[in-house]
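# Fold and geometry: a report
This is what each chain is made of:
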Amino acid sequence: MMAFSMNSRSPFINIRNLRKIYPTKGGEVCALQDVTFDVFRGEFITLVGPSGCGKTTLLKIISGLLTKTDGELLFSTKGDFDPTRDVGMVFQRPVLLKWRSIVENVLLPVEILRLDRQRYYSKAMELLQLVGLEGFEKSYPNELSGGMQQRASISRALIHNPQLLLMDEPFGALDALTREKMNLEILHIWQETGKTVLFVTHGIQEAVFLADRVIVLSARPARMVAAIDVNLPRPRTMEMKAEKEFGRLCLEIYRLLEEK
Ligand SMILES: Nc1ncnc2c1ncn2[C@@H]1O[C@H](COP(=O)(O)OP(=O)(O)OP(=O)(O)O)[C@@H](O)[C@H]1O
Ligand SMILES: [Mg+2]
């Protein structure tokens, strides 16, 4: 558990009055309005909010895939922050290259970053085993179910050991049991590696179970409604879901989402 010494609460990302407007044929669509919060190094943050409120937009701006319209997004790192190297992103829909085998898809960041393929090949195989895809390394994406593809894209996001992990409803396509297993697995990886995680989910229970802090967003355009501290002990266990405090937190978030 050496990770905990790395989880000291120094601010890592400052998000201030972030705004995003999409120009469309039908006029401007404001997806983010005044989103403000800090992310601390080593923190596990979950984001919840109504469908279409701007969660994916927010993650894409943080990952550098989209530009913001207004506001500030600052990374306080010792060296430069290079999203290609320092961010691993799991998209809402698995975006795998259909002409590459599963293991070759997982190795994509290694190629882009020109890292030692040989060294990372065994790591790719380990990560695929971790997500329950051993035996499918040489398969092609269209030979896998949606949930299996999603698990492959989780391996891809982890292969280059990024310090920031952005996960956009990564477990939405999984069955309940696999989802619970993946929750525990992602917590395990997080505790082992001290990564900072931003995790979008529609599951209130999942949000509470995983997080140090749950950020609740309003309907579009997204504003931050609340940041709820989750003080349940670590490591989290399934039994905690039966505890009173767990239920109380879920209810609090449910009520915040219900308010318009
Ligand atoms: N490329 C785009 N061009 C125009 N509008 C967009 C674009 N992408 C998203 N939007 C709009 O921005 C808003 C927020 O979209 P976003 O995908 O960020 O929502 P979300 O919170 O991730 O939703 P969900 O929970 O359903 O995934 C939506 O109203 C959507 O229609
Ligand atoms: Mg989304």
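Residues numbered from 1 in each chain as written. Chains lettered and ligands numbered in written order. Predicted model: local features only at pLDDT ≥ 70, side-chain atom pairs only at ≥ 80, totals over all residues. Heavy atoms only, no water.

Right, let's get into the site of ligand 1. What surrounds ligand 1 is a group of 14 residues, the closest being S51, G52, K55, T56 and T57. H202 places a side-chain nitrogen or oxygen 3.0 Å from an oxygen atom of ligand 1. Contact with the protein chains removes 66% of the 640 Å² of surface that ligand 1 exposes when unbound. Those elements giving two or more residues to the shell around ligand 1 turn out to be β1 (11-24) and α2 (55-62). Tallying contributions element by element places α2 first for the shell around ligand 1, with three residues. Looking at the shell around ligand 1 residue by residue, the classes come out as three nonpolar, eight polar and three charged. (Near = heavy atom within 4 Å. Polar contact = N/O pair within 3.5 Å; in protein donor to acceptor, adjacent residues only side chain to side chain. Areas by Shrake-Rupley, 256 points an atom, 1.4 Å probe, with all protein chains shown as cover. Helix = DSSP H or I, 4+ residues; strand = E, 2+ residues; numbered from the N terminus. Nonpolar A, V, L, I, M, F, W, Y, C, P; charged D, E, K, R; others polar.)

It is worth spelling out the coordination of the magnesium ion (ligand 2) at this point. Around the magnesium ion (ligand 2), the protein contributes the donor atoms T56 (OG1) and Q92 (OE1), which lie 2.0 to 2.3 Å from the metal centre. You can see T56 sitting in helix α2 and its partner Q92 sitting in the loop between β5 (87-90) and α4 (102-106), a full 36 residues away along the chain. Owing to a relative accessible area of 36%, Q92 belongs among the partly exposed residues under this scheme. (Donors = N, O, S within 2.8 Å, 3.2 Å for Na, K, Ca; no water. Buried < 20%, exposed > 50% of the residue type's maximum accessible area, 1.4 Å probe, protein only.)

Before going further, it helps to examine the pattern of salt bridges. Counted by the stated rule, this structure contains 13 salt bridges. The closest approach of N and O atoms between E104 and R100, which form a salt bridge, is 3.5 Å. R100 gets classed as buried once you look at its relative accessible area, which sits at 13%. Here R179 and E206 are joined by a salt bridge, their closest N and O atoms 2.9 Å apart. (Salt bridge = Lys/Arg side-chain N within 4 Å of Asp/Glu carboxyl O.)

Looking at where S51 falls in the secondary structure, it is placed in the loop between β3 (44-48) and α2. Taking relative accessible area as the criterion, S51 reaches 67% and is therefore assigned exposed. Along the chain, S51 and S218 lie 167 residues apart, while their C-alpha atoms are 9.9 Å from each other.

All right, on to the state of the cysteines then. Using the criterion set out here, one finds zero disulfides in the structure. Take C30: it sits in no disulfide, and the sulfur closest to it among the cysteines is that of C53, at 12 Å. (Disulfide = S-S within 2.5 Å.)

This paragraph deals with the pairing of strand β8 (residues 213-217). By the criterion of burial, β8 is predominantly enclosed, with five of the five residues buried. Burial along β8 is two-sided: R213, I215 and L217 facing one way and V214 and V216 facing the other are all buried. Judged from the four bridges that link them, β3 and β8 form a sheet pairing that is parallel. When the sheet's bridge partners are listed, I45 is paired in β8 with R213. By the bridge criterion, five bridges tie β8 to strand β9 (residues 224-229) in an arrangement that is antiparallel. (Pairing = 2+ DSSP bridges.)

Right, let's talk about the sheet that holds strand β4 (residues 70-75) for a bit. Strand order in the open sheet made by the three strands is β2-β1-β4, with antiparallel pairing throughout. A strand with exactly one partner marks an edge of an open sheet, and here the two such strands are β2 (27-40) and β4. In this sheet, adjacent strand axes meet at a mean angle of 20° when their direction is disregarded. Pairing analysis gives five bridges linking β1 to β4, with the strands arranged antiparallel. (Axes fitted to C-alpha atoms, helices over the stretch in contact; angles between N-to-C directions.)

Once that is clear, we can look at the confidence of the model for the protein. When pLDDT is averaged along the protein, the result is 93, and 96% of the positions lie at 70 or above. Of the regions scoring below 50 in pLDDT, residues 1-7 engages in 15 contacts with residues more than four places distant in sequence or in other chains. (pLDDT = per-residue confidence, 0-100. Contact = heavy atoms within 4.5 Å.)

The next point concerns the packing of helix α6 (residues 117-130) against helix α7 (residues 146-158). Packing of α6 against α7 brings their axes to within 9 Å, and their N-to-C directions diverge by 140°. Classified by the interaxial angle, the pair formed by α6 and α7 is oblique. The element α6 and its partner α7 pack so that their crossing is right-handed. Mapping the contact onto sequence places K123, L127 and L128 in α6 and A152, S155 and L158 in α7. (Parallel < 35°, antiparallel > 145°, perpendicular 65-115°, else oblique. Left-handed = near helix turned anticlockwise from the far one by under 90°.)

Time to look at helix α10 (residues 244-258). Counting along an α-helix, one turn takes 3.6 residues, and residues three or four places apart therefore face a common direction. Counted at 1.5 Å a residue, the expected span for α10 with its 15 residues is 21 Å, and the 21 Å between its end C-alpha atoms agrees. The inward-facing, buried residues of α10 abut β3, α9 (204-210), β8 and β9. (Expected span 1.5 Å × (residues − 1).)

This brings us to the packing of aromatic side chains. By the definition in use, this model includes six aromatic pairs. Taking the centre distance of 6.0 Å and the plane angle of 40° together, the rings of F44 and F199 count as tilted. Of the two residues, F44 is situated in strand β3 and F199 in strand β7 (residues 196-200); the sequence distance between them amounts to 155 residues. What makes F44 buried here is its relative accessible area of 0%. A relative accessible area of 0% means that F199 is categorised as buried. Connected via pairs of aromatic rings, a cluster forms that spans F44, F171, W190 and F199. Positioned over the ring face of F12 is R41, at 4.2 Å from the centre of the ring. For the cation-ring pair, K241 lies above F209, with the distance from its terminal atom to the ring centre recorded as 4.6 Å. (Phe/Tyr/Trp six-rings, centres within 6.5 Å; stacked < 30°, edge-to-face > 60°. Lys NZ or Arg CZ within 6 Å of the ring centre and 35° of its normal.)

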